[in-house]
Amino acid sequence: DTGVSQDPRHKITKRGQNVTFRCDPISEHNRLYWYRQTLGQGPEFLTYFQNEAQLEKSRLLSDRFSAERPKGSFSTLEIQRTEQGDSAMYLCASSVSPEKLFFGSGTQLSVL
Amino acid sequence: AQTVTQSQPEMSVQEAETVTLSCTYDTSESDYYLFWYKQPPSRQMILVIRQEAYKQQNATENRFSVNFQKAAKSFSLKISDSQLGDAAMYFCAYSGGSNYKLTFGKGTLLTVNP
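Residues numbered from 1 in each chain as written. Chains lettered and ligands numbered in written order. Predicted model: local features only at pLDDT ≥ 70, side-chain atom pairs only at ≥ 80, totals over all residues. Heavy atoms only, no water.

### Quick notes on the interface of chain B and chain A
Phase 1: On the side of chain A, 27 residues touch chain B, which itself brings 22 residues to the contact.
Phase 2: Between chain B and chain A, roughly 2000 Å² of surface is buried when both sides are summed, and carbon and sulfur atoms account for 53% of that area.
Phase 3: The largest share of the area that chain B buries against chain A comes from R43, Y100 and K101 of chain B, three residues that together contribute 32% of it.
Phase 4: At the junction of chain B with chain A, the criterion picks out 1 salt bridge.
Phase 5: A salt bridge links E56 of chain A to K101 of chain B, with the shortest nitrogen-to-oxygen separation between them at 2.6 Å.
Phase 6: Seen at the junction of chain B and chain A, the total is 7 residue pairs in polar contact (both at pLDDT 80 or more).
Phase 7: Looking at the side of chain B that touches chain A, the elements that each hand over two or more residues are β5 (32-39), β6 (46-52), β10 (88-96) and β11 (102-104) of chain B.
Phase 8: With 4 residues, β5 of chain B is the largest single contributor of residues to the side of chain B that touches chain A. (Contact = heavy atoms within 4.5 Å. Buried area = accessible area lost by both parts, 1.4 Å probe. Salt bridge = Lys/Arg side-chain N within 4 Å of Asp/Glu carboxyl O. Polar contact = N/O pair within 3.5 Å; in protein donor to acceptor, adjacent residues only side chain to side chain. Helix = DSSP H or I, 4+ residues; strand = E, 2+ residues; numbered from the N terminus.)

Given below as C-alpha coordinates:
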(Lines give C-alpha, C1' and ligand atoms only; values in the text may rest on other atoms or scores of the structure.)
Protein backbone atom coordinates (compact mmCIF):
# COMPACT_ATOMS: atom_id res chain seq x y z
CA ASP A 1 0.00 0.00 0.00
CA THR A 2 1.46 3.35 -0.98
CA GLY A 3 -1.03 5.59 0.79
CA VAL A 4 -0.31 8.51 3.08
CA SER A 5 1.58 7.35 6.15
CA GLN A 6 1.63 9.12 9.51
CA ASP A 7 3.81 8.38 12.49
CA PRO A 8 3.21 7.89 15.35
CA ARG A 9 -0.42 6.78 15.49
CA HIS A 10 -0.72 7.83 19.09
CA LYS A 11 1.29 10.20 21.25
CA ILE A 12 0.84 10.88 24.93
CA THR A 13 2.85 13.72 26.38
CA LYS A 14 2.98 15.93 29.41
CA ARG A 15 2.07 19.58 29.24
CA GLY A 16 5.06 21.69 28.34
CA GLN A 17 6.85 19.01 26.33
CA ASN A 18 7.64 19.26 22.64
CA VAL A 19 6.26 16.74 20.16
CA THR A 20 6.93 16.08 16.49
CA PHE A 21 4.77 14.20 14.02
CA ARG A 22 5.77 12.90 10.61
CA CYS A 23 3.79 12.52 7.42
CA ASP A 24 4.92 10.65 4.32
CA PRO A 25 2.69 11.59 1.38
CA ILE A 26 2.03 9.52 -1.68
CA SER A 27 5.09 9.81 -3.86
CA GLU A 28 4.78 12.39 -6.64
CA HIS A 29 2.06 14.24 -4.74
CA ASN A 30 3.30 17.80 -4.72
CA ARG A 31 0.66 19.14 -2.35
CA LEU A 32 0.60 18.31 1.36
CA TYR A 33 -1.86 19.48 3.98
CA TRP A 34 -2.09 19.32 7.77
CA TYR A 35 -5.44 19.37 9.53
CA ARG A 36 -6.46 19.21 13.18
CA GLN A 37 -9.59 17.45 14.34
CA THR A 38 -11.03 17.63 17.84
CA LEU A 39 -13.65 15.21 19.05
CA GLY A 40 -17.06 15.75 17.50
CA GLN A 41 -15.80 18.35 15.03
CA GLY A 42 -14.77 18.38 11.41
CA PRO A 43 -11.09 18.68 10.50
CA GLU A 44 -9.72 22.23 10.49
CA PHE A 45 -7.04 23.35 8.05
CA LEU A 46 -3.66 24.14 9.59
CA THR A 47 -1.16 24.54 6.79
CA TYR A 48 -0.38 23.67 3.19
CA PHE A 49 2.78 22.92 1.21
CA GLN A 50 3.35 22.86 -2.50
CA ASN A 51 6.57 20.94 -2.91
CA GLU A 52 8.87 22.36 -0.20
CA ALA A 53 7.20 25.76 -0.02
CA GLN A 54 4.76 26.45 2.81
CA LEU A 55 2.16 28.54 0.98
CA GLU A 56 -0.53 29.03 3.58
CA LYS A 57 -0.88 28.89 7.34
CA SER A 58 -4.10 29.08 9.31
CA ARG A 59 -4.52 31.47 12.20
CA LEU A 60 -4.98 28.28 14.23
CA LEU A 61 -1.26 27.67 13.80
CA SER A 62 0.15 29.57 16.76
CA ASP A 63 3.82 30.44 17.32
CA ARG A 64 4.26 27.10 19.07
CA PHE A 65 3.49 25.20 15.89
CA SER A 66 5.95 24.78 13.06
CA ALA A 67 5.79 22.64 9.96
CA GLU A 68 8.42 21.75 7.43
CA ARG A 69 8.65 19.79 4.23
CA PRO A 70 12.32 19.52 3.30
CA LYS A 71 12.97 18.64 -0.32
CA GLY A 72 9.26 18.42 -0.97
CA SER A 73 9.00 14.89 0.35
CA PHE A 74 7.91 14.01 3.90
CA SER A 75 6.65 16.67 6.29
CA THR A 76 6.97 17.22 10.01
CA LEU A 77 4.70 19.11 12.35
CA GLU A 78 6.22 20.20 15.64
CA ILE A 79 4.36 21.54 18.64
CA GLN A 80 6.48 23.23 21.29
CA ARG A 81 5.44 23.65 24.92
CA THR A 82 2.32 21.57 24.45
CA GLU A 83 -0.90 22.61 26.16
CA GLN A 84 -3.95 20.54 27.01
CA GLY A 85 -5.86 22.35 24.29
CA ASP A 86 -3.50 20.85 21.72
CA SER A 87 -5.04 17.42 22.33
CA ALA A 88 -6.55 16.40 19.01
CA MET A 89 -6.16 14.18 15.99
CA TYR A 90 -3.63 15.60 13.53
CA LEU A 91 -4.37 14.54 9.98
CA CYS A 92 -2.12 14.76 6.96
CA ALA A 93 -3.33 14.65 3.37
CA SER A 94 -1.67 14.83 -0.04
CA SER A 95 -2.81 15.45 -3.59
CA VAL A 96 -1.82 16.39 -7.11
CA SER A 97 -5.19 17.70 -8.17
CA PRO A 98 -8.31 19.21 -6.63
CA GLU A 99 -10.42 16.16 -7.35
CA LYS A 100 -9.15 14.11 -4.47
CA LEU A 101 -7.13 14.44 -1.31
CA PHE A 102 -5.73 11.28 0.19
CA PHE A 103 -5.73 11.23 3.98
CA GLY A 104 -3.47 9.40 6.37
CA SER A 105 -4.75 7.63 9.46
CA GLY A 106 -3.77 10.53 11.68
CA THR A 107 -1.77 11.02 14.86
CA GLN A 108 -3.84 11.18 18.04
CA LEU A 109 -2.19 13.52 20.53
CA SER A 110 -3.11 13.49 24.20
CA VAL A 111 -1.58 16.16 26.43
CA LEU A 112 -1.79 15.35 30.12
CA ALA B 1 -14.34 32.90 3.65
CA GLN B 2 -16.01 29.71 2.64
CA THR B 3 -18.25 27.99 5.17
CA VAL B 4 -19.90 24.59 5.20
CA THR B 5 -22.96 23.89 7.33
CA GLN B 6 -24.37 20.51 8.27
CA SER B 7 -27.56 21.10 10.21
CA GLN B 8 -28.13 17.49 11.28
CA PRO B 9 -25.78 16.47 14.10
CA GLU B 10 -27.26 12.96 14.12
CA MET B 11 -29.39 10.83 11.81
CA SER B 12 -30.62 7.27 11.98
CA VAL B 13 -31.94 4.89 9.35
CA GLN B 14 -33.21 1.35 9.23
CA GLU B 15 -31.10 -1.16 7.38
CA ALA B 16 -32.10 -1.32 3.67
CA GLU B 17 -33.87 2.04 3.86
CA THR B 18 -32.82 5.37 2.33
CA VAL B 19 -31.47 8.37 4.19
CA THR B 20 -30.53 11.89 3.08
CA LEU B 21 -27.88 14.00 4.77
CA SER B 22 -28.01 17.77 4.27
CA CYS B 23 -25.24 20.24 3.57
CA THR B 24 -25.19 23.90 2.61
CA TYR B 25 -22.18 26.03 1.82
CA ASP B 26 -21.27 29.60 1.17
CA THR B 27 -18.78 30.79 -1.43
CA SER B 28 -18.23 33.59 -3.90
CA GLU B 29 -16.26 31.39 -6.29
CA SER B 30 -17.76 29.94 -9.41
CA ASP B 31 -15.48 26.93 -9.80
CA TYR B 32 -15.08 24.54 -6.91
CA TYR B 33 -15.51 20.97 -5.74
CA LEU B 34 -17.78 19.46 -3.13
CA PHE B 35 -17.20 16.21 -1.31
CA TRP B 36 -18.74 13.84 1.15
CA TYR B 37 -16.29 12.00 3.39
CA LYS B 38 -17.03 9.11 5.70
CA GLN B 39 -15.14 8.71 8.97
CA PRO B 40 -15.72 5.43 10.80
CA PRO B 41 -14.52 4.85 14.39
CA SER B 42 -11.03 4.14 13.01
CA ARG B 43 -11.04 7.87 12.10
CA GLN B 44 -9.66 7.23 8.61
CA MET B 45 -11.22 9.77 6.24
CA ILE B 46 -12.74 7.93 3.30
CA LEU B 47 -13.96 9.75 0.20
CA VAL B 48 -17.55 8.76 -0.56
CA ILE B 49 -18.41 10.97 -3.51
CA ARG B 50 -17.38 14.24 -5.17
CA GLN B 51 -19.05 16.80 -7.39
CA GLU B 52 -17.49 19.38 -9.66
CA ALA B 53 -19.44 22.62 -9.52
CA TYR B 54 -19.33 23.13 -13.29
CA LYS B 55 -21.11 19.83 -13.88
CA GLN B 56 -24.87 20.01 -13.77
CA GLN B 57 -25.32 16.27 -13.55
CA ASN B 58 -25.47 14.93 -10.02
CA ALA B 59 -22.69 12.52 -9.10
CA THR B 60 -23.51 8.89 -8.31
CA GLU B 61 -21.36 6.15 -6.81
CA ASN B 62 -23.24 2.87 -6.42
CA ARG B 63 -25.66 3.37 -3.50
CA PHE B 64 -24.52 6.95 -2.93
CA SER B 65 -25.82 9.93 -4.86
CA VAL B 66 -25.94 13.65 -4.40
CA ASN B 67 -28.46 16.38 -5.04
CA PHE B 68 -26.39 19.40 -6.04
CA GLN B 69 -28.29 22.67 -6.21
CA LYS B 70 -25.71 25.30 -7.19
CA ALA B 71 -27.98 28.33 -6.99
CA ALA B 72 -29.19 27.31 -3.56
CA LYS B 73 -25.66 26.26 -2.51
CA SER B 74 -26.99 22.96 -1.33
CA PHE B 75 -25.28 19.57 -1.56
CA SER B 76 -27.15 16.66 0.02
CA LEU B 77 -26.08 13.02 0.14
CA LYS B 78 -28.53 10.20 -0.40
CA ILE B 79 -27.65 6.71 0.77
CA SER B 80 -29.88 4.01 -0.67
CA ASP B 81 -30.27 0.48 0.68
CA SER B 82 -28.43 1.45 3.87
CA GLN B 83 -26.07 -1.15 5.28
CA LEU B 84 -24.70 -1.60 8.79
CA GLY B 85 -21.27 -0.70 7.46
CA ASP B 86 -22.54 2.73 6.46
CA ALA B 87 -22.69 3.75 10.12
CA ALA B 88 -20.11 6.50 10.58
CA MET B 89 -19.57 10.22 10.82
CA TYR B 90 -20.20 11.92 7.49
CA PHE B 91 -18.54 15.20 6.60
CA CYS B 92 -19.45 17.55 3.80
CA ALA B 93 -16.45 19.45 2.46
CA TYR B 94 -15.73 22.27 0.01
CA SER B 95 -12.60 22.86 -2.05
CA GLY B 96 -12.00 25.96 -4.08
CA GLY B 97 -9.25 28.37 -5.03
CA SER B 98 -5.70 27.60 -6.06
CA ASN B 99 -4.61 25.71 -2.96
CA TYR B 100 -7.30 22.99 -3.03
CA LYS B 101 -7.63 23.05 0.74
CA LEU B 102 -10.78 21.50 2.16
CA THR B 103 -13.25 23.28 4.41
CA PHE B 104 -15.32 20.80 6.39
CA GLY B 105 -18.71 20.93 8.04
CA LYS B 106 -19.15 19.74 11.61
CA GLY B 107 -20.42 16.36 10.51
CA THR B 108 -23.49 14.17 10.81
CA LEU B 109 -23.34 10.98 12.85
CA LEU B 110 -25.26 8.29 10.99
CA THR B 111 -26.61 5.27 12.86
CA VAL B 112 -27.92 2.27 10.94
CA ASN B 113 -30.41 0.15 12.85
CA PRO B 114 -30.71 -3.57 12.04
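So, next bit.
### As for the nonpolar core
Residues and elements named next belong to chain B.
Phase 1: Judged by nonpolar contacts, the single largest core of 25 residues is most densely connected at Y25, W36, F75, L77 and Y90.
Phase 2: Mapped onto this core, the elements with two or more residues apiece are β3 (19-21), β5, β6, β8 (64-69), β9 (74-79), β10 and β12 (108-113).
Phase 3: Take this core: its biggest share by element is 4 residues, from β10.
Phase 4: The residues touching Y25, leaving out its near neighbours within four places in the chain, are T3, V4, Y32, L34, F68, Q69, K70, K73, S74, F75 and Y94. (Core = buried A, V, L, I, M, F, W, Y, C linked by side-chain atoms within 4.5 Å. Buried < 20%, exposed > 50% of the residue type's maximum accessible area, 1.4 Å probe, protein only.)

### What about the sheet that holds strand β1 (residues 5-7) of chain A?
All names here are of chain A.
Phase 1: Spatially, 4 strands are ordered β1-β3-β8-β7 in an open sheet, and the strand pairing comes out antiparallel. Single-partner strands in this sheet number two, and they are β1 and β7 (65-68). Neighbour-to-neighbour, the strand axes of the sheet open up by a mean angle of 15°, direction not taken into account.
Phase 2: When β7 meets strand β8 (residues 75-79), the two strands line up antiparallel, connected through 4 bridges. Bridging from a neighbouring strand, S66 pairs with E78 of β8. (Pairing = 2+ DSSP bridges. Axes fitted to C-alpha atoms, helices over the stretch in contact; angles between N-to-C directions.)

### Things to note about the pairing of strand β3 (residues 19-24) of chain A
Residues and elements named next belong to chain A.
Phase 1: Burial of the side chains of β3 is restricted to one face: V19, F21 and C23 are buried, whereas none of T20, R22 and D24 on the reverse face is.
Phase 2: Pairing of β1 with β3, which is carried by 3 bridges, proceeds in the antiparallel orientation. What sits directly across from D7, in β3, is R22.
Phase 3: Relative to β8, β3 runs antiparallel, the two sharing 5 bridges. Across the sheet, R22 pairs through a bridge with T76, a residue of β8.

### As for the pattern of salt bridges
All names here are of chain B.
Phase 1: Enumeration according to the criterion identifies 7 salt bridges over all chains in this entry.
Phase 2: With a closest N to O distance of 3.6 Å, K73 and D26 form a salt bridge. Pair noted here: K73 is in the loop between β8 and β9 and D26 is in strand β4 (residues 24-26), with a separation of 47 residues, a long-range link.
Phase 3: Judged by its relative accessible area of 26%, K73 is partly exposed.

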